[in-house]
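Structure at a glance
Listed here are the chains, written in short residue letters.
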Amino acid sequence: MEAQFPFNLFETNDIIQVFDNQTVSADFCTGKRVLALVLPYHDMQEISQQVYKIFSACKIAPEKVLVSNQLVDWSHIEQQQDVKEVFLFGIKPVSIGIHYNLFPYRFLSLGTKKVVLADPIDLILSQSQLKADFWHKTLKPYFIGA
């Protein structure tokens, strides 16, 4: 009997937060260019202000940035015409339905969207080297030009 039970069935599975897709409105990103997904434990008011500052430096107005700590399925993101860039700050791509290997701090084109996998925003802001790399290797070349 013991030989038949798969003991390793759960040892590599991750627990992820599943967002109820029924509550996502069809136009949740209308007028937004950038979608920034952050970890659910963040203080949204504080993190949103930091993300707005980052993208203001990239010449993107805060009104064009949506910061969310709710996971949204990639199929819903794909349908958003206005969204051009999606930043995953500490979010595993598979948890929103992206089954591609993403290299950290590099843009990957998925259809008409560009996706960036990055460390959690609080970690980036607390470490000067990560902050410099994120700016000089990711944001500045893409949004401002080398």
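Residues numbered from 1 in each chain as written. Predicted model: local features only at pLDDT ≥ 70, side-chain atom pairs only at ≥ 80, totals over all residues. Heavy atoms only, no water.

Generally speaking, nonpolar side chains in soluble globular proteins are found buried as a group. Judged by nonpolar contacts, the single largest core of 22 residues is most densely connected at Val 51, Phe 55, Phe 87, Phe 89, Phe 134 and Leu 139. Listed by contribution, the elements that provide at least two residues to this core are strand S1 (34-37), helix H1 (44-57), strand S2 (65-68), strand S3 (85-89), strand S5 (113-118), helix H3 (121-126) and helix H4 (128-144). What Phe 55 contacts, discounting residues up to four positions off in sequence, is Val 34, Ile 60, Val 65, Phe 87, Leu 139 and Phe 143. Val 86, Leu 88, Ile 96 and Leu 102 belong to the second-largest nonpolar core, a separate cluster that totals 18 residues. (Core = buried A, V, L, I, M, F, W, Y, C linked by side-chain atoms within 4.5 Å. Buried < 20%, exposed > 50% of the residue type's maximum accessible area, 1.4 Å probe, protein only. Helix = DSSP H or I, 4+ residues; strand = E, 2+ residues; numbered from the N terminus. Contact = heavy atoms within 4.5 Å.)

On to the packing of aromatic side chains. The full count for this structure, using the stated rule, is 11 aromatic pairs. Ring centres 6.1 Å apart and planes at 85° place the aromatic pair Phe 55 and Phe 143 in the edge-to-face group. With a gap of 88 residues between them, Phe 55 in helix H1 and Phe 143 in helix H4 connect regions that are remote in the sequence. Ring pairing ties together the aromatic residues Phe 55, Phe 87, Phe 89, Tyr 105, Phe 107, Phe 134, Tyr 142 and Phe 143, which thus form one cluster. (Phe/Tyr/Trp six-rings, centres within 6.5 Å; stacked < 30°, edge-to-face > 60°.)

The next point concerns unusual backbone geometry. Unusually for a residue other than glycine, Lys 59 sits at a positive phi of about 65°. In this structure, Lys 59 sits in the loop between H1 and S2. The phi torsion at Tyr 105 lies on the positive side, around 65°, for a residue other than glycine. By the secondary structure assignment, Tyr 105 is in the loop between S3 and strand S4 (107-110). Since its relative accessible area comes to 16%, Tyr 105 is described here as buried.

Looking now at H4. An ideal rise of 1.5 Å per residue puts 24 Å on 17 residues; H4 reaches only 20 Å between its terminal C-alpha atoms. Of all the bends in H4, the largest measures some 35° and sits at Trp 135. Residues of H4 that are buried: Leu 130, Phe 134, Thr 138, Leu 139 and Phe 143. Its buried side turned inward, H4 meets H1, S3, S4, S5 and H3. Looking at the residues trailing H4, positive phi occurs at Gly 145, about 110°. (Expected span 1.5 Å × (residues − 1). Bend = angle between axes of the 7 residues up to and from the residue.)

Another aspect to go through is the environment of Tyr 142. Inspection of the secondary structure assignment puts Tyr 142 in helix H4. Residue Tyr 142 is classed as partly exposed on the basis of its relative accessible area, which comes to 31%. As a C-alpha pair, Tyr 142 and Cys 58 span 84 residues in sequence and 8.9 Å in three-dimensional space. With near-sequence residues (within four places) excluded, Tyr 142 lies in contact with Arg 33, Glu 85, Phe 107 and Lys 114.

Read across the open sheet, the five strands follow the order S2-S1-S3-S5-S4; overall the sheet is mixed. Unpaired on one side and paired on the other, S2 and S4 mark the two borders of the sheet. Averaged over all adjacent pairs, the angle separating strand axes in this sheet is 20°, with direction ignored. Here S1 runs beside S2; their pairing, made up of four bridges, is parallel. For Leu 35, the partnering residue across the bridge sits in S2 and is Leu 66. Here H1 sits on the sheet in contact with S1, S2 and S3, set at roughly 145° to S2. Sheet strands in contact with H4 are S3, S4 and S5, and its direction is about 170° off that of S3. (Pairing = 2+ DSSP bridges. Axes fitted to C-alpha atoms, helices over the stretch in contact; angles between N-to-C directions.)

Keep in mind these values describe shape, not function.
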